[in-house]
Amino acid sequence: MSKIDKDTAITDQNLRQFVGYTMKRAFLTVREDLGQVLEPLGLRMTSFSALAIIHENPDISQSRLAEALYIERSGVVVLVDELESADLIERGRVEGDRRQYALRTTEAGEAKWQEAERAVHAHEDALFRDLTEAERKTLRALLRRVRRR
């Protein structure tokens, strides 16, 4: 068996046969590029996602937000604190349950969402420019089918 030195190209052909590996590599590319797009807006992928969910679901509770984002409740508290500190969301009381907070976007949060949504559309247009709109639609549909399993 030959030794691989620092100048030898490393291949991953064995892994490329697996759909999951290919999806992971594609996601890493998307995540890196998206991070560069969101950073100037003061957002990260998770804060962008949380802002999107809160914008779409006014008065959502923190526990439902955690559920929607597939993160632990303790993680959502940090995320909500971050968005509230940036004046992008506000917490209101849930009638009948003093332990719960109802989250909604502020005026600044609505403006930030609109700006971020445009930036992410532009990011996807650039990143997926080699795919037709029909191919993008098919890709989204295929990924949703995998997720439903």
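Owing to the predicted nature of the structure, the values given are computational and were not obtained by experimental measurement.

Parameters and conventions
- Residues numbered from 1 in each chain as written.
- Predicted model: local features only at pLDDT ≥ 70, side-chain atom pairs only at ≥ 80, totals over all residues.
- Heavy atoms only, no water.
- Salt bridge = Lys/Arg side-chain N within 4 Å of Asp/Glu carboxyl O.
- Helix = DSSP H or I, 4+ residues; strand = E, 2+ residues; numbered from the N terminus.
- Buried < 20%, exposed > 50% of the residue type's maximum accessible area, 1.4 Å probe, protein only.
- Patch = residues over 30% accessible without salt bridge, like charges linked within 9 Å, V, L, I, M, F, W, Y side chains within 5 Å.
- Areas by Shrake-Rupley, 256 points an atom, 1.4 Å probe, with all protein chains shown as cover.
- Pairing = 2+ DSSP bridges.
- Contact = heavy atoms within 4.5 Å.
- Arc of directions from axis to C-beta.

Engineer: Help me out: how do you make sense of the pattern of salt bridges in this one?
Structural biologist: Note on pairing: side chains with opposite charge can pair once their charged atoms come close. All told, the structure shown has 10 salt bridges when counted by the stated rule. Between Arg44 and Glu82 there is a salt bridge; the shortest N-O distance is 2.5 Å. Here Arg44, found in the loop between α2 (19–38) and α3 (45–56), pairs with Glu82, found in helix α5 (residues 73–85); they are 38 residues apart in sequence, far enough to count as distant. A salt bridge links Glu133 to Arg140; its shortest N-O distance comes to 3.4 Å. Judged by relative accessible area, Arg140 falls into the partly exposed class, the value being 39%. A cluster of three or more residues bridged by salt bridges with shared partners is formed by Asp12, Arg16 and Arg25.

Engineer: Where do I start with a nonpolar patch on the surface in this structure?
Structural biologist: A contiguous nonpolar patch, built from Val19, Met23, Leu139, Leu143 and Val146 and spanning about 420 Å² of accessible area, is present on the exposed surface. Elements with a minimum of two residues in the nonpolar patch: α2 and α7 (133–148). Top element by residues in the nonpolar patch is α7. It accounts for 3 residues. Tracing the backbone shows Met23 in helix α2. Judged by its relative accessible area of 37%, Met23 falls in the partly exposed class.

Engineer: What should I look at first to understand the sheet that holds strand β3 (residues 97–105) in this one?
Structural biologist: Note on sheets: strands pair through backbone hydrogen bonds, and any given pair is parallel or antiparallel. In spatial order, the strands read β1-β3-β2; together these 3 strands make up an open sheet with antiparallel pairing. Looking along the sheet, the strands with just one partner apiece sit at the ends: β1 (60–61) and β2 (89–94). Pairing analysis gives 2 bridges linking β1 to β3, with the strands arranged antiparallel. By the bridge assignment, Ser61 is partnered in β3 with Ala102.

Engineer: What am I meant to see in unusual backbone geometry here?
Structural biologist: The bulk of non-glycine residues show a negative phi, and the bulk of peptide bonds are trans. Despite not being glycine, Asp59 shows a phi value in the positive range, around 70 degrees. Relative to the helices and strands, Asp59 is located in the loop between α3 and β1. Among the residues examined, Asp59 registers a relative accessible area of 41% and is labelled partly exposed.

Engineer: Just to check I follow, could you spell out the environment of Ala102 for this structure?
Structural biologist: Mapped onto the elements, Ala102 comes out in strand β3. The exposure class assigned to Ala102 is buried, which follows from its relative accessible area of 7%. For the pair formed by Ala102 and Met23, sequence separation is 79 residues and the distance between their alpha carbons is 35 Å. Non-local contacts of Ala102, meaning those with residues more than four positions away in its chain, are made with Asp59, Ile60, Glu90, Arg91, Gly92, Arg93 and Val94.

Engineer: Can you help me understand helix α4 (residues 62–69) in this one?
Structural biologist: Since the α-helix packs 3.6 residues into each turn, any two residues three or four apart lie on the same face. For α4, the full list of buried residues reads Gln62, Leu65, Ala66 and Leu69. Projection of α4 onto a plane perpendicular to its axis shows the buried side chains occupying an angular sector of 100 degrees, all on one side. What points out from α4, more than 90 degrees from its buried face, is the exposed set Arg64 and Glu67. Residues of α4 that are buried sit in contact with α3, β1, α5, β2 and β3.

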